[in-house]
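Commentary on secondary and tertiary structure
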Amino acid sequence: MSKRDIMQERVKKQFAFLRDLLSKKSRNSLSIKLIVAIGTLVLIGSSIFWYMIIIRGERDFISTAIQKTSVCANLMEQSLRVNMMRGHIDVIQEILEKIGTTENIININIYKHPDGDIVFSAKKENLRKKMPSESLECRLCHKSKRQLTTLDKKRWSIYEVEGQKVLMLAVPIINEKGCVTSMCHSGQAKQRFLGVLEAEYSMADLDLTLKRQKIFTLTFGIIFTFFCCVVLCIILWKLIIKPITLLAEGMEKVTKGELDHRIEINTKDEMGMLARTFNEMTKELKVARERLENWAKELEEEVRKKTEEIRRGQEQMIHTEKLASLGRMAAGVAHELNSPLTGIVTFAHLMLQRIPPENKMDREDLEVIIEQAERCSKIIKGLLGFSRALPAEKSDIRINDTIRHVIDMVKNQAKFHNIKIITDLSPDLPEIKGDASQLQQVYMNLLINAADAMNDRGEIRIATRLIKEDGVDYIEIEFTDNGPGIPEEYMGRLFEPFFTTKPVGKGTGLGLSVSHGIVRKHGGHIIVKSKVGEGTTFLIRLPVRPESKEG
Ligand code: ADP
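Turning to the overall build of the chain, a few remarks are in order. Secondary structure summary: the chain contains twelve helices and twelve strands in total. Taking all 551 residues of the chain together, 34% fall into the buried category. Within the chain, contacts between residues separated by at least 24 positions form 65% of all contacts whose residues are at least 6 apart in sequence.

Moving on to helix 3 (residues 89-100). Residue pairs three or four apart in sequence face the same way in an α-helix, which turns once every 3.6 residues. For helix 3, built from twelve residues, the straight-helix expectation of 16 Å at 1.5 Å per residue is met to within 8% by its first-to-last C-alpha distance of 17 Å. Buried residues of helix 3: I92, Q93, L96, I99 and G100, and no others. Each buried residue of helix 3 lies within a common arc of 130° when the element is viewed along its axis, so the set occupies one face. For helix 3, the exposed residues set more than 90 degrees away from the buried face come down to D90, E94 and K98.

Any two side chains of opposite charge can pair, so long as their charged atoms come close to each other. For the structure shown, the criterion picks out 26 salt bridges. Between D207 and K165 there is a salt bridge whose closest N-O contact spans 3.7 Å. Note that D207 is positioned in helix 6 (residues 204-255) and K165 in strand 4 (residues 164-174), a separation of 42 residues in sequence. Between E476 and R465 there is a salt bridge whose closest N-O contact spans 2.5 Å. Of this pair, E476 sits in strand 10 (residues 472-481) while R465 sits in strand 9 (residues 458-469), and the two are eleven residues apart along the sequence.

This part covers empty space enclosed by the protein. Scanning all chains against the criterion turns up two cavities of 30 Å³ or more. Considering the residues around the largest cavity, the lining is formed by L446, N449, A450, F479, T480, D481 and F538. Of the residues belonging to the lining of the largest cavity, the class tally is four nonpolar, two polar and one charged. The volume enclosed by the second largest cavity comes to roughly 30 Å³.

Below, the discussion takes up the site of the ligand. Around the ligand, a shell composed of 18 residues is seen, among which N449, D481, T500, T501 and K502 lie nearest. Take T500: an N or O atom from its side chain is 2.5 Å from an oxygen atom of the ligand. The contact in question runs from an oxygen atom of the ligand to an N or O atom on the backbone of G509, over 2.9 Å. Protein chains bury 93% of the 530 Å² of accessible surface belonging to the ligand in isolation. Of all the secondary-structure elements, those providing two or more residues to the shell around the ligand are helix 10 (436-453), helix 12 (511-521) and strand 12 (535-543). Among the elements that make up the shell around the ligand, the one with the highest residue count is helix 10 (three residues). A breakdown of the residues in the shell around the ligand according to their chemical character gives eight nonpolar, eight polar and two charged.

Another aspect to go through is the nonpolar core. If you look at the biggest cluster of nonpolar residues, it comprises 47 residues, and the most contacted ones within it are I399, Y443, I477, F479 and I540. Top element by residues in this core is helix 10. It accounts for eight residues. When neighbours within four sequence positions are excluded, F479 is seen to be in contact with Y443, L446, L447, R461, I462, T536, T537, F538 and I540. Residues I92, I108, L169 and A199 belong to the second largest nonpolar core, which totals 25 residues.

Note that D269 resides in the loop between helix 6 and helix 7 (270-354). D269 gets classed as partly exposed once you look at its relative accessible area, which sits at 26%. Between the alpha carbons of D269 and L239 there is a distance of 9.1 Å; along the sequence they are 30 residues apart. Among the polar contacts made by the side chain of D269, one reaches the side chain of T267 at a distance of 2.7 Å.

Scanning the entire structure with this criterion turns up seven aromatic pairs. Taken together, F49, W50, F216, F220 and F224 form an aromatic cluster joined through their ring pairs.

At a minimum axis distance of 10 Å, the contact between helix 9 (residues 399-411) and helix 10 shows a crossing angle of 50°. Compared by their axis directions, helix 9 and helix 10 come out oblique. Classified by chirality, the crossing of helix 10 by helix 9 is right-handed. Residue-level inspection shows I399, T402, I403, H405, V406, M409 and V410 of helix 9 in contact with helix 10, the latter providing A436, L439, Q440, Y443, M444 and L447.

A separate point is the sheet that holds strand 4. Spatially, 2-1-5-4-3 is the arrangement adopted by the five strands of the open sheet, whose pairing is antiparallel. Strands at the two margins of the open sheet, each flanked by one partner only, are strand 2 (118-121) and strand 3 (156-161). The mean angle between the axes of side-by-side strands here comes to 25°, regardless of whether they run parallel or antiparallel. The strands touched by helix 3 are strand 1 (105-112) and strand 2; relative to strand 2, the strand with the most contacts, the crossing angle is about 55°.

Rules behind the numbers
- Residues numbered from 1 in each chain as written.
- Predicted model: local features only at pLDDT ≥ 70, side-chain atom pairs only at ≥ 80, totals over all residues.
- Heavy atoms only, no water.
- Helix = DSSP H or I, 4+ residues; strand = E, 2+ residues; numbered from the N terminus.
- Buried < 20%, exposed > 50% of the residue type's maximum accessible area, 1.4 Å probe, protein only.
- Contact = heavy atoms within 4.5 Å.
- Expected span 1.5 Å × (residues − 1).
- Arc of directions from axis to C-beta.
- Salt bridge = Lys/Arg side-chain N within 4 Å of Asp/Glu carboxyl O.
- 1 Å grid on protein atoms, 1.4 Å probe; cavity = no way out; pocket = protein on both sides within 12 Å on 5 of 7 lines; lining within 4 Å.
- Points joined across faces, edges and corners; volume = space filled by probe spheres on them.
- Nonpolar A, V, L, I, M, F, W, Y, C, P; charged D, E, K, R; others polar.
- Near = heavy atom within 4 Å.
- Polar contact = N/O pair within 3.5 Å; in protein donor to acceptor, adjacent residues only side chain to side chain.
- Areas by Shrake-Rupley, 256 points an atom, 1.4 Å probe, with all protein chains shown as cover.
- Core = buried A, V, L, I, M, F, W, Y, C linked by side-chain atoms within 4.5 Å.
- Phe/Tyr/Trp six-rings, centres within 6.5 Å; stacked < 30°, edge-to-face > 60°.
- Axes fitted to C-alpha atoms, helices over the stretch in contact; angles between N-to-C directions.
- Parallel < 35°, antiparallel > 145°, perpendicular 65-115°, else oblique.
- Left-handed = near helix turned anticlockwise from the far one by under 90°.
- Pairing = 2+ DSSP bridges.

Here's what the structure looks like:
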């Protein structure tokens with residue numbers, strides 16, 4: 001942007017501001033009131049000032065005129081006195097006529113006092129005329145016919161003749177010693193005044209100069225006042241109105257929520273201080289608002305989390321309720337099927353004993369019946385376990401012993417021939433109250449699951465330890481395999497009854513749910529940790545009875 005463009009932009013802005021200032025909306029504003037008040041004051045002040053200057057000038061002109069005329073009249077009076085003393089009467093008339101032709105001197109008369117006869121005059125035709133006692137010339141020295149005013153008082157008058165200003169001046173001719181002894185006034189010793197010299201001076205030139213002076217003064221006064229008003233307005237605008245307008249605009253914007261708005265007043269005066277304080281305040285306001293918004297967001301997030309927790313809790317409750325109904329139903333069905341299945345297996349065994357060994361086909365068929373019936377029986381037992389239909393027989397047990405017992409059982413099974421079982425059993429475990437056979441069922445489930453996951457080939461680590469969780473002592477039993485791990489999407493469903501990823505006929509999906517039920521019945525819980533490709537860890541935590549200790 002060039003300098004010219006910047007100037008143009010500035011002028012445009014100032015015009016826009018003035019337009020706004022004079023608009024209807026801002027007619028009641030402080031700025032317009034200030035400008036009107038100061039403008040009026042300047043106008044009144046300067047009017048008085050220029051009026052005084054004009055009056056003063058007029059007075060000075062008049063006094064100059066009077067002074068000039070007085071000097072002239074006094075000179076005349078002196079010359080008259082000298083010539084009278086010497087008896088040169090003709091010379092006096094001659095001098096007066098000569099002076100009468102001087103520029104601006106209208107007339108000079110010399111009156112005899114008190115008769116009023118004009119004895120000498122610049123205009124010959126006035127000679128021998130008599131001045132009436134009520135004439136202006138007489139009234140210059142006399143208040144009334146007889147009373148004489150003091151001589152040092154004003155003895156001049158200005159009047160108009162045919163539109164022209166005329167100054168008339170009266171100089172009294174005082175009776176002095178020499179006058180009484182001279183031939184012209186001998187014997188008039190008692191008379192104070194012998195006559196009056198009256199001069200008429202035209203003020204036309206002076207009047208013209210005065211008029212010009214007035215016009216000049218007026219023009220200058222108006223220009224000066226206008227200039228003063230403009231300068232005052234600019235100063236007022238720059239120092240007060242503009243900053244106030246900016247402040248007002250800023251406040252309005254901040255009220256509307258624009259907390260980024262900054263007031264650009266960089267002066268060091270009170271306005272600048274106000275703007276800086278205002279900017280500081282909006283900055284703090286913004287920080288406070290952001291903090292508040294963050295709090296609101298955090299609160300929202302907290303509420304959302306809690307709502308989610310409540311929703312999950314409700315879902316869990318509904319799920320538990322469903323499982324409980326399912327368990328009750330399963331228990332009923334399992335109970336009803338258990339007796340006929342036991343009958344089938346028993347009688348099938350009896351029949352098998354009766355069939356001769358050479359009847360191989362019948363024996364094989366019967367063995368299939370027994371096998372399938374036993375499988376059904378196993379499923380039903382699982383169902384009964386899930387529904388807790390099997391009562392727990394709790395006694396003081398040693399966890400390490402129950403684990404060793406299960407390891408002894410599985411060691412001989414073909415499934416575990418290629419699986420290395422590593423144990424790390426803590427010797428300091430306390431005894432706990434529990435159902436050993438149910439807990440062994442849990443270990444068995446976990447070992448079979450691990451073996452299945454590893455395709456009967458790998459490593460299982462079994463460890464026991466004493467831990468503290470939320471201030472409660474637990475015995476923790478760890479089963480870790482190096483199988484393929486459990487995918488993330490299955491983790492939440494592992495303990496659901498009938499959830500299985502095993503092929504049909506191999507898995508029932510009851511192992512973990514039954515185990516979970518048994519551990520819960522012992523006051524404990526199961527934790528699963530798994531990483532795909534690395535392996536799975538099941539942690540069984542059973543609470544400890546504080547008084548009992550394993551030996
Ligand atoms: P089932 O063994 O009859 O499938 P479970 O409830 O015991 O039923 O197990 C449910 C599912 O959990 C299994 O099908 C399997 O997918 C998964 N599972 C359990 N233990 C492991 C393990 N150690 N490694 C990998 N997957 C496992």
